[in-house]
Amino acid sequence: MSTIAANRRELQKAELRAELVAAAHALVREEGYEGLTIRKLATRVGYAPMSVYSYFADKQEILMALAENAFIDLARRMRQNRPRDPLEAVRAALVEYAEFGLGNPNEYRTVFMTEKQKPPVEETFAEMERGNPAFQVIMERVEACITAGKLKGDARAIATSLWTVAHGAISLLITFPFYPFGDPKAYVLRIGDLALAGLAATEVTPLTDEPGNC
């Protein structure tokens, strides 16, 4: 096979994979996690189910692809909103995270609240971290806060703590919609501000000496 033909084939494969991921996002938004099946995905794009299996071995691999895609979209939104003050930049990232999750509850449940049964094959922790550009945005802004003297300690531990707090608040808002939280976005910011105040009052130590898996 010539180089041109091989490149064309790779481009076609990439385009079909992107089409499958977009269709999976649509299915999840409309029907939730339960609505995401290989057969429905194949029907959506007009291909035989076996064609889908040549791109994704199982539902877990589709979930990983959805997560990667969601992280890219979320990071893009975060980067469009960056105040000059480093703490305000962290708060702005939390706002974008909240709007993303609260605006797409089915997708958020599927991507962020579904247990991942296995780690990505042959990927180190550092590679998985680089594959999550949204977390990288939070890390960058936390590091800016540390440089400015607004926060002290380990950047990854601080960023992970903020992610934990925001994710917990969004998950509660999605799963307990009738609880009187008040304005949803304001609630996430309120919890985020409490977390930032606590983190600013101490020097945050690393979570662990050992690398882990996402």
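Residues numbered from 1 in each chain as written. Predicted model: local features only at pLDDT ≥ 70, side-chain atom pairs only at ≥ 80, totals over all residues. Heavy atoms only, no water.

Moving on: the overall build of the chain. Of the regular secondary structure elements, the chain holds 10 helices and 2 strands. Of the regular secondary structure in the chain, the N- to C-terminal order runs α-α-α-α-α-α-α-α-β-α-α-β. Summarising the internal contacts of the chain: among those between residues at least 6 apart in sequence, 69% fall at separations of at least 24. Accessible area for the chain stands at about 12100 Å²; split by element, carbon and sulfur atoms hold 54% of it. (Helix = DSSP H or I, 4+ residues; strand = E, 2+ residues; numbered from the N terminus. Contact = heavy atoms within 4.5 Å. Areas by Shrake-Rupley, 256 points an atom, 1.4 Å probe, with all protein chains shown as cover.)

Judged by side-chain polarity, Leu 172, Phe 176 and Tyr 179 come together as a nonpolar surface patch covering roughly 330 Å² of accessible area. For Tyr 179, the position within the fold is in the loop between helix 9 (155-175) and helix 10 (184-200). (Patch = residues over 30% accessible without salt bridge, like charges linked within 9 Å, V, L, I, M, F, W, Y side chains within 5 Å. Salt bridge = Lys/Arg side-chain N within 4 Å of Asp/Glu carboxyl O.)

The subject of this paragraph is the nonpolar core. One finds Leu 36, Leu 41, Ile 62, Leu 66, Met 78, Tyr 97 and Leu 162 to be the most contacted residues of the largest nonpolar core, which totals 58 residues. For this core, the secondary-structure elements that each account for two or more residues are helix 1 (3-31), helix 2 (38-45), helix 4 (59-79), helix 5 (86-103), helix 6 (105-112), helix 8 (133-147), helix 9 and helix 10. Looking at which domains feed residues into this core, each of domain 1 (1-56) and domain 2 (59-201) gives three or more. The contacts of Leu 66, once residues within four sequence positions are left out, are Val 21, Ala 24, His 25, Val 28, Leu 36, Thr 110 and Val 111. (Core = buried A, V, L, I, M, F, W, Y, C linked by side-chain atoms within 4.5 Å. Buried < 20%, exposed > 50% of the residue type's maximum accessible area, 1.4 Å probe, protein only. Domains from an automatic or database assignment.)

With that out of the way, let us pick up the environment of Gly 149. If you trace the backbone, Gly 149 turns up in the loop between helix 8 and strand 1 (152-153). Gly 149 sits 63 residues away from Pro 86 along the chain, and the two C-alpha atoms are 9.8 Å apart.

Turning our eyes to something else, we now look at helix 9. Side chains that are three or four residues apart share a direction in an α-helix, a result of its 3.6 residues per turn. Its 21 residues give helix 9 an end-to-end C-alpha distance of 30 Å, which sits within 8% of 30 Å, the value for a rise of 1.5 Å per residue. Within helix 9, burial applies to Ala 155, Ala 157, Ile 158, Ala 159, Thr 160, Leu 162, Ala 166, Ala 169, Ile 170, Ser 171, Leu 173 and Ile 174. Of the surrounding elements, those touching the buried residues of helix 9 are helix 5, helix 6, helix 8, strand 1, helix 10 and strand 2 (203-204). Sitting at the head of helix 9, Asp 154 places a side-chain oxygen 3.3 Å from the backbone nitrogen of Arg 156. (Expected span 1.5 Å × (residues − 1). Polar contact = N/O pair within 3.5 Å; in protein donor to acceptor, adjacent residues only side chain to side chain.)

The subject of this paragraph is the pattern of salt bridges. Pairs may arise between side chains of opposite charge once their charged atoms sit close together. One pass over the structure, following the stated rule, counts 11 salt bridges. Note that Glu 107 and Arg 29 form a salt bridge whose closest N and O atoms lie 3.4 Å from each other. Taken together, the residues Glu 107 in helix 6 and Arg 29 in helix 1 connect sequence positions 78 residues apart. The exposure class of Arg 29 is partly exposed, given its relative accessible area of 43%.

To continue, consider the packing of aromatic side chains. Between two aromatic rings, the relevant description is the distance of the centres plus the angle of the planes. A complete count under the given rule lists 8 aromatic pairs for this structure. Ring centres of Phe 100 and Phe 112 lie 6.3 Å apart, and the angle between their planes is 85°; on these two criteria the pair is classed as edge-to-face. Here Phe 112 lies in helix 6 and Phe 100 lies in helix 5, a separation of 12 residues in the sequence. The same class applies to Phe 100 as to Phe 112, namely buried. Centroid distance Tyr 179 to Phe 181: 4.7 Å. Interplanar angle 50°. Geometry classified as tilted. We classify Tyr 179 as exposed; its relative accessible area is 54%. Here Phe 181 falls in the buried class, since its relative accessible area comes to 16%. Cluster of aromatic residues (ring-pair linked, three or more members): Phe 71, Tyr 97, Phe 100, Tyr 108 and Phe 112. (Phe/Tyr/Trp six-rings, centres within 6.5 Å; stacked < 30°, edge-to-face > 60°.)

With that settled, consider the UniProt feature "DNA-binding region" (unreviewed entry) in the chain. This chain's UniProt record puts "DNA-binding region" (unreviewed entry) on residues 37-56. Between the end C-alpha atoms of residues 37-56 the distance is 11 Å, and the span holds 65% helix and 0% strand. (UniProt positions renumbered as here; feature names shortened; annotations may be inferred.)

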